[in-house]
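Structural overview for review
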Amino acid sequence: MKLLFENWRGYIFEQEASWVEDLKKDTWAVLDKTKFKEIGSGAYRTVYAPLGDDDYVIKVTQSPRDIFMNSMDVELSNKYPDIVPKTYAHGPCSEQKGETKCSYEWIVMEKVNVIEVEDRELFMEMLKVNFPDIVNFLVTDEKAKKVLSWFMASRHYYVIALWHLVVESINYGQGGYKDYTSRERSKAEAEGGLATPGVMDIPDMPGRDDPGSHDIPMVSRKEELYVYKKIFDIGMQNNVYRQLFKMVSVDEADIFDIGPGNVAIDNKSNFKVLDTS
């Protein structure tokens, strides 16, 4: 059924996105300003958008040695469809010595809304929709509130403080999950183990250099580890968190590269990782 859906999605895309035929003929058709526009650029890839079509972006590698980045995005979007933007097309494939080999100089992916460090409201929307039980834990557990207060008071950005707790919990899990018993693993990964009656709001707390921030007590490493473990155990009952953990622990995505500027939401506020490599 999933394969049928993917084939149907590909068919619909081909019917709607006539501009993809230009890419199949020549990657550098993206330089035609009557059809495409550049919307972003990094050290290894440039991102374009087809004019008049707001649903897709095209990632083009700047050098043949960087093609693996596009290839990785395609692979992980299929492996982790809930947290990596959908891939709709890539460079043409051909038969070479009995093997099918495909080009990944360019790929077409769904367009998503990037969350930057200043996007506090968008970030909170993402957290509440995708990690509701983690949010509730941070608000209701006394030790978690203490650690969160310290993180807020010692970091420049509200978004960084909150996301750092999620990142450190994933990092904790990479080192600690191997010591879980099979029973503990089954419990940790049980679907639907938590029922969120409603997502609470995180109260305002003084940020770095705000009035009152210097009065917030430091926390011990033991207190931090308690919170990381609790977030990890809560998170592993959540499909989005679990896919993020597996992408980091199995496919070696760098969790410290996944954060503001490299995370996004789709049109339903679902969490997405922009650059998986």
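The paragraphs below set out a description of the structure included in this document.

Conventions adopted
Residues numbered from 1 in each chain as written. Predicted model: local features only at pLDDT ≥ 70, side-chain atom pairs only at ≥ 80, totals over all residues. Heavy atoms only, no water. Helix = DSSP H or I, 4+ residues; strand = E, 2+ residues; numbered from the N terminus. Contact = heavy atoms within 4.5 Å. Areas by Shrake-Rupley, 256 points an atom, 1.4 Å probe, with all protein chains shown as cover. Phe/Tyr/Trp six-rings, centres within 6.5 Å; stacked < 30°, edge-to-face > 60°. Buried < 20%, exposed > 50% of the residue type's maximum accessible area, 1.4 Å probe, protein only. Expected span 1.5 Å × (residues − 1).

Scanning the protein chain from terminus to terminus reveals ten helices and ten strands. Long-range pairs, those at least 24 residues apart, make up 66% of the contacts in the protein chain with a sequence separation of at least 6. Here the protein chain has roughly 15,000 Å² of accessible surface; of this, 51% comes from carbon and sulfur atoms.

Looking now at the packing of aromatic side chains. Pairs of aromatic rings are described using the distance from one ring centre to the other and the angle between the two planes. Tallied over the full model, the rule gives ten aromatic pairs. Judged by centre distance (6.3 Å) and plane angle (85 degrees), the rings of F123 and W163 are edge-to-face. Here the residue F123 occupies a position in helix 4 (residues 120-130), and W163 occupies one in helix 7 (residues 158-176), the gap between them amounting to 40 residues. Residue classification places W163 among the buried residues on the basis of a relative accessible area of 3%. Measuring from ring centre to ring centre gives 5.7 Å for F131 and F271, while their planes differ by 70 degrees; the resulting arrangement is edge-to-face. Within this pair, whereas F131 is found in the loop between helix 4 and helix 5 (132-140), its partner F271 is found in strand 10 (residues 271-273), the two being separated by 140 residues in sequence. Residue F131 is classed as buried on the basis of its relative accessible area of 1%. Every member of this aromatic cluster is reached through a ring pair, and the members are W19, F36, Y56 and Y88.

Compared with an ideal rise of 1.5 Å per residue, which puts 13 residues at 18 Å, helix 3 (residues 67-79) spans 19 Å between its outermost C-alpha atoms and is within 8% of the ideal. Here the buried face of helix 3 lies against strand 2 (45-50), strand 3 (56-61), strand 4 (87-90), strand 7 (106-110) and helix 10 (239-249).

Take it as geometry only, folks, not as evidence of what the structure does.
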